[in-house]
Amino acid sequence: MSENKSVKMEFEVAGGDFERAGEASAKIKRMLQRLGIAADIVRRIAIGTYEAEMNVIIHAGGGKVAAEVFTDATEITVTDAGPGIPDIDKALQEGWSTAPEYARQMGFGAGMGLPNMVKCSDKFDIQSEVGVGTTIRMRFEHISEDL
Amino acid sequence: MQLKDVKELLRAKVLTGEGLLDREVETCCGSDLMSDVLAFTKRRTLLCTGLTNLQVIRTADMTDLCALVIVRGKIPGGEILEAAAENGLPVLATQHTLFEACGILYQAGIKGCSKKEDDHE
Ligand SMILES: Nc1ncnc2c1ncn2[C@@H]1O[C@H](COP(=O)(O)OP(=O)(O)OP(=O)(O)O)[C@@H](O)[C@H]1O
Ligand SMILES: [Mg+2]
């Protein structure tokens, strides 16, 4: 990759599709590995992206997952035209969840996803409007803590 | 400890990944909650779980888990094992319950994933 170039990937994610849930995140992870990004950074990006992808599938009826990899950082943007989040501060609290029973049976719905995205990323931004949808932007600097 | 020691300790059956049993296991997590696995595990952690759906394999992939131990004698479906094999993720099955499996491994010296234990390193 040269300075001003970036590598982009974008995926449509279908709502309620648990068979394929996580496929977009897995493909982004493979691309980052191929590009030679350090394993600890790839892991943080994969976890953050997967949490956002699962939210779109569980709470928003589908959306888009996009990755843009620069030399110094990766940006993940996850958008949906779902119901939106009425109280973002509440949603960002650990343990707050409106996940339906079937999601809980699959091991989700602990209200940990958004806090985990904040934790994994270096920059986190959420825009959400009721009846319009939700957009999450995460930036991950390529600064490895691996020796 | 290596995965093959885990296999011995839990008298487990290897469902996939027979060739990867020399993997090193340092930390372990026992949970049916993928939300917690995503939020609290470290790299190369062993996951003991009673869940056998595709999301367990995906979660293992995203968090770089070293292997899965399925408890209570459950056997996951063929497509789950295929996905695990594709990702190079060993899957073991034991008759022990989640509590027992974790207890046996803890007693044998495997650490948990909590931050507190991290401080002691
Ligand atoms: N894309 C979204 N569209 C609408 N609501 C959302 C969206 N993402 C999150 N929410 C709301 O915010 C709450 C908290 O989300 P968060 O990801 O933290 O937890 P969760 O998805 O409920 O559980 P977990 O992530 O632990 O599986 C959700 O329960 C839901 O009410
Ligand atoms: Mg979530």
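As a reminder, the structure under discussion sits directly above these lines.
For the structure given in this document, a descriptive report is provided here.

Definitions and cut-offs
- Residues numbered from 1 in each chain as written.
- Chains lettered and ligands numbered in written order.
- Predicted model: local features only at pLDDT ≥ 70, side-chain atom pairs only at ≥ 80, totals over all residues.
- Heavy atoms only, no water.
- Near = heavy atom within 4 Å.
- Polar contact = N/O pair within 3.5 Å; in protein donor to acceptor, adjacent residues only side chain to side chain.
- Areas by Shrake-Rupley, 256 points an atom, 1.4 Å probe, with all protein chains shown as cover.
- Buried < 20%, exposed > 50% of the residue type's maximum accessible area, 1.4 Å probe, protein only.
- Helix = DSSP H or I, 4+ residues; strand = E, 2+ residues; numbered from the N terminus.
- Pairing = 2+ DSSP bridges.
- Lys, Arg positive; Asp, Glu negative; His and termini not counted.
- Salt bridge = Lys/Arg side-chain N within 4 Å of Asp/Glu carboxyl O.
- Contact = heavy atoms within 4.5 Å.
- Core = buried A, V, L, I, M, F, W, Y, C linked by side-chain atoms within 4.5 Å.
- Phe/Tyr/Trp six-rings, centres within 6.5 Å; stacked < 30°, edge-to-face > 60°.

Taken together, 22 residues lie around ligand 1, and Asn55, His59, Ser97, Thr98 and Gly109 of chain A are the ones closest in. Residues lining ligand 1 come from chains A and B. Take Ser97 of chain A: an N or O atom from its side chain is 2.5 Å from an oxygen atom of ligand 1. In isolation ligand 1 offers 600 Å² of accessible surface; the protein chains occlude 96% of this area.

Another aspect to go through is the pairing of strand S2 (residues 62-69) of chain A. Residue and element names in this part refer to chain A. Most of S2 sits inside the fold, with 6 of its 8 residues counted as buried. The sheet contact formed by strand S1 (residues 7-14) and S2 spans 8 bridges and is antiparallel. Residue pairing across strands places Ala14 opposite Gly62, the latter belonging to S2. Between S2 and strand S3 (residues 73-80), which follow one another and run antiparallel, lie 3 residues.

With that settled, the discussion passes to the side chain of Glu53 of chain A. Note on placement: Glu53 of chain A falls in helix H2 (residues 39-59). An unpaired buried charge is present at Glu53 of chain A: no salt bridge exists, and Arg58 of chain B, the closest side chain of opposite charge, is 6.7 Å distant. Residue contacts for Glu53 of chain A: discarding those within four places in its chain leaves Val13, Arg20, Ala21, Gly22, Glu23, Ala24, Ser25 and Val65 of chain A.

Below, the discussion takes up the nonpolar core. Grouped together as the largest cluster of nonpolar side chains are 60 residues, with contacts concentrated most on Ile76 and Phe108 of chain A together with Leu47 and Leu68 of chain B. With 11 residues, the single largest contributor to this core is H2 of chain A. Ignoring anything within four residues of it in the chain, the contact list for Phe108 of chain A reads Tyr50, Met54, Ile58 and Ala103 of chain A together with Met34, Ser35, Leu38, Gln55 and Thr59 of chain B. Formed by 18 residues, the second largest nonpolar core is a distinct cluster that contains Cys28, Leu46, Cys48 and Ala101 of chain B.

Each pair of aromatic rings is reported with the distance of its centres and the angle of its planes. Residue and element names in this part refer to chain A. The full count for this structure, using the stated rule, is 2 aromatic pairs over all chains. Summarising the aromatic geometry, the rings of Phe18 and Tyr102 are spaced 5.5 Å apart at their centres and angled 70 degrees between planes, so their arrangement reads as edge-to-face. Of this pair, Phe18 sits in the loop between S1 and helix H1 (23-34) while Tyr102 sits in helix H4 (residues 101-105), and the two are 84 residues apart along the sequence. On the basis of relative accessible area, Phe18 is assigned to the buried category, the value being 15%. The class of Tyr102 is partly exposed, set by a relative accessible area of 39%. Aromatic pair Tyr50 and Phe108: ring centres 6.2 Å apart, planes at 75 degrees, arrangement edge-to-face. Of this pair, Tyr50 sits in helix H2 while Phe108 sits in the loop between H4 and helix H5 (113-120), and the two are 58 residues apart along the sequence. Of the two residues examined, Tyr50 and Phe108, each falls in the buried class.

The values are spatial; any link to function lies outside them.
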